[in-house]
Amino acid sequence: MPNRKYADGEVVMGRWPGSVLYYEVQVTSYDDASHLYTVKYKDGTELALKESDIRLQSSFKQRKSQSSSSSPSRRSRSRSRSRSPGRPAKGRRRSSSHSREHKEDKKKIIQETSLAPPKPSENNTRRYNGEPDSTERNDTSSKLLEQQKLKPDVEMERVLDQYSLRSRREEKKKEEIYAEKKIFEAIKTPEKPSSKTKELEFGGRFGTFMLMFFLPATVLYLLLMCKQDDPSLMNFPPLPALESLWETKVFGVFLLWFFFQALFYLLPIGKVVEGLPLSNGRKLQYRINGFYAFLLTAAAIGTLLYFQFELHYLYDHFVQFAVSAAAFSMALSIYLYIRSLKAPEEDLAPGGNSGYLVYDFFTGHELNPRIGSFDLKYFCELRPGLIGWVVINLAMLLAEMKIHNQSMPSLSMILVNSFQLLYVVDALWNEEAVLTTMDITHDGFGFMLAFGDLVWVPFVYSLQAFYLVGHPIAISWPVAAAITILNCIGYYIFRSANSQKNNFRRNPADPKLSYLKVIPTATGKGLLVTGWWGFVRHPNYLGDIIMALAWSLPCGFNHILPYFYVIYFICLLVHREARDEHHCKKKYGLAWERYCQRVPYRIFPYIY
C-alpha cells in the first residue's frame, strides 16, 4: 500500500487548478489507485489534487517570515549581488568620493565588456572546428561595434544582467513582472486534472456486466408479453425457438434504415452550431437538420404507402427487428470501444474512463467519437431510434386497422400516436437543446447509449401502440379530452422548463432572462431559483412523468404492462436525479446546499 503524506482531516494549503495560488483546504480522503487527495475548500468546493499540489501551512509561514525579515546576512547578500567583480568581499562604509569612483569603475566595466567579443559557444566550435584567427576576431569585433551602435539598450540590458549591476529595486520589479507573467501563462494553459473515473455507477463492474444481458432480455420479455392474449405478469410467455428470432432480410431492412438516416444527416441543409466547451476548451460543430430528416422520412414513407407497400410487415416481424437492432448495437459498441483505445486522453468521457474494460465498454470510453465530421453519438441520439419510433407507431396503427377490419383507427391508438408524435417533433424542432444534455456533454458513447438509442427507445417507447393492436380499448370522448389536457400540462411543463434551462446555459446575460434570479457559485455559473427551477429542482422530469402517464392511460387498466413505461421512467428519472444531486453538490459546494434549502422538492412538489 503506497505511503501517503497527508492524513484525513489535516488542514493544508492546496493549489487551485489552473493557477499558482494556494488556499487553505482540508483533506477528506485519499485514492490509492489514482494517488489523488480529495480536498475541501472553505466555500465547500471539493477537488481531487495531486500530492505535488499540496503543501504544509508551515512552509508558507516560514517564507513569509523570511521575506519580511531584514537580518544583516540578508542585507549583506543583497549588497553582494550588486557588487562589481573587482570589489573586495569585505563590506565597509563608503564615502561619497568612493561612491563616485565606484560609479566610474562600473561605467568602464560596461564599456570594456561591451567591446569585448563573446566567448565562442559550442555551436560556434562545432561550426568552425577550431578557434577563430586574428582576422575573424577583428571582423567579429567590428560587427559587435556596429551592433553596439544599433542596439545600445539591448546590450546594456545584457551586461547589467550578466554582472548583476542592477539596483535592488530594479531587480525586485523585474521579479514581480516575471511572476505576473508566470501566473498569466499558468492561467492560459492550466494543468489538466486527472480524468480517471473514480465513482462507478450502475453497480460498478458487476452491475454493468449484468445489465448487458438484462436489458435485451427485458425488451424481448415485454414484446413477447404483448403478443399474448393474456399479458399479465404472472403469465410468463413461452421462450421462442432461437432460429425464429433471426431473419437476415429483417436485418438488411434495419441496416438500410440506419444508413438511410445517415445519408439525411450528411445533407448540407440546416445551420451549423457549436456545442458547449470541452475540457480542453475546444467546441465541436454540429449540423442541425434533424427536423428536415424527419420531413424527408415522412415523404419517403408516404411514397411507399402510395405504391401499396405493406408497412404492417414491421408489426409481423417486430421481435426480429428488435433482435436485429440489438445485434447491431452490440457490434457498434465493440467498434466504439476498440477505436477509443487509440483516442487521446482529452477525448475520453469523464464518466467512462475507469480503467475497467466491462464498465468502460458499457458506459462509453470515448466522449464524442467521430468519423470525419460524422458524430456517431449525436447521430444516434435523435435520428434512427427517435424517428423510427414514429414509423413503428404508424405501422401499429395500420396493423390495427387491418387486423380488426376497421376503416379508421381507434381513438386510443390516435391519442397514443398523436402524443408521441408531438414529443418526437418537439425534440427534433429543438434539436440544438440536446447539445447541453448530460448524454452529449458527460456520457461516453458505449453500449448503454447505443442500445438505448437504437433498441430501447423505438421498441419500448412504442409499447403502448404495440399493446393496442392485440388488445384494443374503447374510450369515450370526454375521457379522451381529459387525457389530452393531462398530456398538454405535462408537455407545457417539460418544454418551458427545458427552454429556460437551455437559454440560460447558452447565454446567461441575455436581456430576455433578466427576470430570472440565480444563486452565484464558485465556478462562475449560477443556479436558477425562479421560474420552474424555483418550483422543483427538476421540473423537466416532472413534465416527462406526466406525459408518460398520459401515453399509457388510453390503454385502460386491464393490465399493468402498458404502464411499464411509466414505472421505468420514474425509476430512470429518480436515478438521474440522484446522480445530478451528487454531481451538483460536488461541483457547486455550499451554493448547492443553499439552493436545496431554497428549493426543497426534487421532482414532485410537496411529495419528493
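Calculation notes
Residues numbered from 1 in each chain as written. Predicted model: local features only at pLDDT ≥ 70, side-chain atom pairs only at ≥ 80, totals over all residues. Heavy atoms only, no water. UniProt positions renumbered as here; feature names shortened; annotations may be inferred. Helix = DSSP H or I, 4+ residues; strand = E, 2+ residues; numbered from the N terminus. Buried < 20%, exposed > 50% of the residue type's maximum accessible area, 1.4 Å probe, protein only. Contact = heavy atoms within 4.5 Å. Areas by Shrake-Rupley, 256 points an atom, 1.4 Å probe, with all protein chains shown as cover. Core = buried A, V, L, I, M, F, W, Y, C linked by side-chain atoms within 4.5 Å. Salt bridge = Lys/Arg side-chain N within 4 Å of Asp/Glu carboxyl O. Patch = residues over 30% accessible without salt bridge, like charges linked within 9 Å, V, L, I, M, F, W, Y side chains within 5 Å. Pairing = 2+ DSSP bridges.

An unreviewed UniProt entry annotates the protein as Delta(14)-sterol reductase LBR originating from Gallus gallus. Checking UniProt for the protein, the heading Pathway (unreviewed entry) contains the comment "Steroid biosynthesis; cholesterol biosynthesis." Regarding the protein, the relevant UniProt record gives this comment under Sequence similarities (unreviewed entry): "Belongs to the ERG4/ERG24 family."

Of the regular secondary structure elements, the protein holds 22 helices and 11 strands. Within the protein, buried positions represent 42% of all 608 residues. Across the protein, contacts joining residues at least 24 apart in sequence account for 72% of those joining residues at least 6 apart. Just so you have it, the protein exposes about 34,300 Å², and 60% of that area is on carbon and sulfur atoms.

A few words on the nonpolar core. If you look at the biggest cluster of nonpolar residues, it comprises 112 residues, and the most contacted ones within it are Val-219, Met-396, Phe-459 and Tyr-461. Sort the elements by how many residues they give to this core and helix α14 (residues 376-403) lands first, with 16 residues. What Val-219 contacts, discounting residues up to four positions off in sequence, is Ala-322, Phe-451, Val-455, Trp-456, Phe-459 and Val-460. By size, the runner-up hydrophobic cluster in this structure holds 16 residues, among which are Phe-504, Leu-513, Ile-519 and Leu-527.

The positions UniProt marks with the feature "transmembrane region" (unreviewed entry) are residues 202-224, 244-267, 288-307, 319-338, 449-469, 475-494, 515-536 and 556-575. Secondary structure across residues 288-307 divides into 85% helix and 5% strand, with the first and last C-alpha atoms of the span separated by 31 Å.

Tallied over the full model, the rule gives 10 salt bridges. Among the ionic pairs, Glu-432 bridges to Lys-271, the shortest N-O distance being 3.1 Å. You can see Glu-432 sitting in the loop between α15 (411-429) and α16 (438-441) and its partner Lys-271 sitting in strand β6 (residues 271-274), a full 161 residues away along the chain. In this structure, Arg-383 engages Glu-431 in a salt bridge whose closest nitrogen and oxygen atoms are separated by 2.9 Å. Here Arg-383, found in helix α14, pairs with Glu-431, found in the loop between α15 and α16; they are 48 residues apart in sequence, far enough to count as distant. For the pair Arg-383 and Glu-431, one class covers both residues: buried.

All right, on to unusual backbone geometry then. Phi at Gln-308 takes a positive value of approximately 65°, unusual for a residue other than glycine. Note on placement: Gln-308 falls in the loop between α10 (290-306) and α11 (313-316). By relative accessible area, Gln-308 is classed as exposed at 66%. With phi around 50°, Asn-405 is a residue other than glycine that occupies positive phi space.

A surface patch of nonpolar side chains, about 450 Å² in accessible area, is lined by Phe-206, Phe-209, Met-210 and Phe-213. Inspection of the secondary structure assignment puts Met-210 in helix α8 (residues 204-227).

Turning our attention to the sheet that holds strand β1 (residues 11-15). Think of a sheet as strands paired side by side through backbone hydrogen bonds, with each pair either parallel or antiparallel. Sheet architecture is open: five strands sit in the order β4-β3-β2-β1-β5, paired in antiparallel fashion. Unpaired on one side and paired on the other, β4 (46-49) and β5 (54-55) mark the two borders of the sheet. In the sheet, strand β2 (residues 22-31) pairs with strand β3 (residues 36-41) via six bridges, with the strands oriented antiparallel. By the bridge assignment for β3, Val-27 is matched with Val-39.

Right, let's get into the environment of Trp-551. Turning to its location among the elements, Trp-551 is positioned in helix α20 (residues 539-552). Separated by 136 residues in the primary sequence, Trp-551 and Leu-415 have C-alpha atoms spaced 7.7 Å apart. For Trp-551, the residues in contact, after removing those within four places along its chain, are Trp-389, Val-416, Phe-419, Gln-420, Tyr-423, Gln-464, Asn-487 and Tyr-565.

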